[in-house]
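# Coordinates in review
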Amino acid sequence: MSSLDAFAAEKLQDLEARSLRRRLVETERGADSRAVRRGADGSRRTLISFCCNDYLNLSQNPAVKQAMVQAALEFGAGAGASRLVTGTYPLVTALEERLARLKKTEAAVVFGSGYLTNLGVIPSLAGSRDLILVDELAHACLYGGAQLAGAKVVVFRHNDVDHAADLLAGMRADHPRALLLTDGVFSMDGDLAPLEALTRVARAHDAWLMTDDAHGIGVLGEGRGSTAAQIMEGRDIDVPLQMGTLSKAVGVYGGYLCASQSVVDFVKTRARSFIYTTALPPPCVAACLAALDIIEDDAELRDRPLANARLFASLVGLAAPHSTIIPLVLGDPERTLAASRLLEEHGFLVSAIRPPSVPEGTARLRFTFTAAHKEEDIKRLAELVHDKIMIRDAP
Ligand SMILES: *Cc1c(COP(=O)(O)O)cnc(C)c1O
């Protein structure tokens, strides 16, 4: 065995022993949140999925799919070049204008994905002499961007604004620029960032507040996201850097930053994950535009995922959620896997999230709710979770 293969095999064994090895399972998505999965024995099982981020089911929407097909026929399957060469075609400009309009910012720039957005934006704005504060539960790609920036990266306790303020008070003066990074909706916990308080801290210390709103756009704040949702409650909020993904509620693929015109123009000439990569394919961009049409027009659809999450929470006796994501923290990875398997035996697909995706000791079932879920399925799931997992496993 080569040293390379021996290295990989040994690492895998170690992960296996700790129940932390990840395995890919082929899944085909169908109507009504159905997912067809292939078991180890080759059998196929149809499950109702509660781990899909396609919150509005727009990836399956006929108008969105039609826009994709039409654009492929008209403009081709791929963009053929990076944005700064010949990859800035009219549809992509239209998408950037649409995103800016939706988020009520001066401008927007789209990237290949949400992950690439953070890897590009953060190092464009902060360098080795600068300070970056990150919420401890922020998404991996905010950390990825912060690391790439080479800045002094400091973690503040989850949603602990006083901690962030203390850190800034102690360190801000030693750095020319400071960024304050947080998820708008936390992807593994479903809670929201306290944006009004963070705005206050950012203002006090001249730090630039950036939110990752991957789970907010399309479902919160009339589809405008978690910042808009909190502004609509009358809060005084200023988030000059709002990024998100086109791959969740928008149902397609891609990422974006919404910001002022000057910031967007600067990022377009600086972000390496924008410059040195091919533009999004026209079918993808056309589908995003069609999806955004629906998001702007269909309030009933936008409200459904959160209503479904709230129904589930009330049925199992959890606090009313602020987003489409509900965690049920069980702690131990093995116990979490067993709970996920139990639900699967009853026809439900609910992911077991384990470290390092979440902190040690907080392995959990993570439920996501979409517009496609049926009330009777949510009720059946809630009954199972309540009777077989929460009750049985109670300490
Ligand atoms: C999914 C996710 C991303 C990554 O977006 P992609 O477009 O899938 O790369 C970024 N941030 C958060 C919080 C996410 O949940």
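Worth saying up front: this structure is predicted, and the values here are computed from it rather than measured.

## A word on the sheet that holds strand S5 (residues 131-135)
With mixed pairing, seven strands are arranged side by side in an open sheet as S4-S10-S9-S8-S7-S5-S6. Two strands lie at the open edges of the sheet, namely strand S4 (107-111) and strand S6 (152-156), each paired on one side alone. Neighbouring strand axes in the sheet, compared pairwise and without regard to direction, differ in orientation by 20 degrees on average. Summarising the sheet, S5 and S6 pair through five bridges and their orientation is parallel. Across the sheet, the residue bridging to valine 134 is valine 155, located in S6. Helix H10 (residues 261-270) contacts S4, strand S9 (241-245) and strand S10 (255-259) of the sheet and is inclined by roughly 25 degrees relative to S4.

## Remarks on the site of the ligand
Taken together, the neighbourhood of the ligand is formed by 14 residues, with Gly114, Asp212, His215, Thr245 and Lys248 sitting nearest. Measuring from an oxygen atom of the ligand, one finds a backbone N or O atom of glycine 114 at 2.7 Å. The separation between a nitrogen atom of the ligand and a polar side-chain atom of histidine 139 is 3.4 Å. Considered on its own, the ligand offers 380 Å² of accessible surface; in the complex 87% of this is hidden by protein.

## As for the pairing of S10
Taken across its five residues, S10 has five buried, putting it largely inside the fold. Residue alternation in S10 divides its side chains into two sets, Gly255, Leu257 and Ala259 and Tyr256 and Cys258, and both sets are buried. Relative to S10, S4 runs antiparallel, the two sharing five bridges. Following the sheet pairing, valine 110 is matched in S10 by tyrosine 256. By the bridge criterion, four bridges tie S9 to S10 in an arrangement that is antiparallel. Note on S10: the bridge partner recorded for threonine 245 is glycine 255.

## Description of the domain arrangement of the protein chain
Per the domain assignment, the segments of the protein chain are domain 1 (20-49 + 299-391) and domain 2 (60-297). Here the C-alpha centre of domain 2 lies 27 Å away from the C-alpha centre of domain 1. Counting residues at the interface gives 17 residues for domain 1 and 19 residues for domain 2. In this assembly, domain 1 and domain 2 are joined by one salt bridge. The salt bridge partner of arginine 364 is aspartate 189, with a shortest N-O separation of 3.1 Å. Remark: the boundary between domain 1 and domain 2 carries six residue pairs in polar contact (both at pLDDT 80 or more). Sorting the residues of the side of domain 1 that touches domain 2 by element identifies helix H13 (299-316), strand S11 (325-331) and strand S14 (363-368) as the ones contributing at least two each. Per element, the largest residue contribution to the side of domain 1 that touches domain 2 is five residues, and it comes from H13.

## Things to note about the packing of aromatic side chains
Overall, the coordinates contain five aromatic pairs when judged by the stated rule. Seen in terms of ring centroids, phenylalanine 312 and phenylalanine 367 are 4.8 Å apart; in terms of plane orientation they differ by 40 degrees. Their pairing is tilted. With phenylalanine 312 in helix H13 and phenylalanine 367 in strand S14, the pair connects residues that are 55 residues apart, well separated along the chain. There is no split in this pair, since phenylalanine 312 and phenylalanine 367 are both buried. Each member of the aromatic cluster is reached from another via a ring pair, and the members are Phe50, Phe312, Phe348, Phe367 and Phe369.

Parameters at a glance
Residues numbered from 1 in each chain as written. Predicted model: local features only at pLDDT ≥ 70, side-chain atom pairs only at ≥ 80, totals over all residues. Heavy atoms only, no water. Pairing = 2+ DSSP bridges. Helix = DSSP H or I, 4+ residues; strand = E, 2+ residues; numbered from the N terminus. Axes fitted to C-alpha atoms, helices over the stretch in contact; angles between N-to-C directions. Contact = heavy atoms within 4.5 Å. Near = heavy atom within 4 Å. Polar contact = N/O pair within 3.5 Å; in protein donor to acceptor, adjacent residues only side chain to side chain. Areas by Shrake-Rupley, 256 points an atom, 1.4 Å probe, with all protein chains shown as cover. Buried < 20%, exposed > 50% of the residue type's maximum accessible area, 1.4 Å probe, protein only. Domains from an automatic or database assignment. Salt bridge = Lys/Arg side-chain N within 4 Å of Asp/Glu carboxyl O. Phe/Tyr/Trp six-rings, centres within 6.5 Å; stacked < 30°, edge-to-face > 60°.

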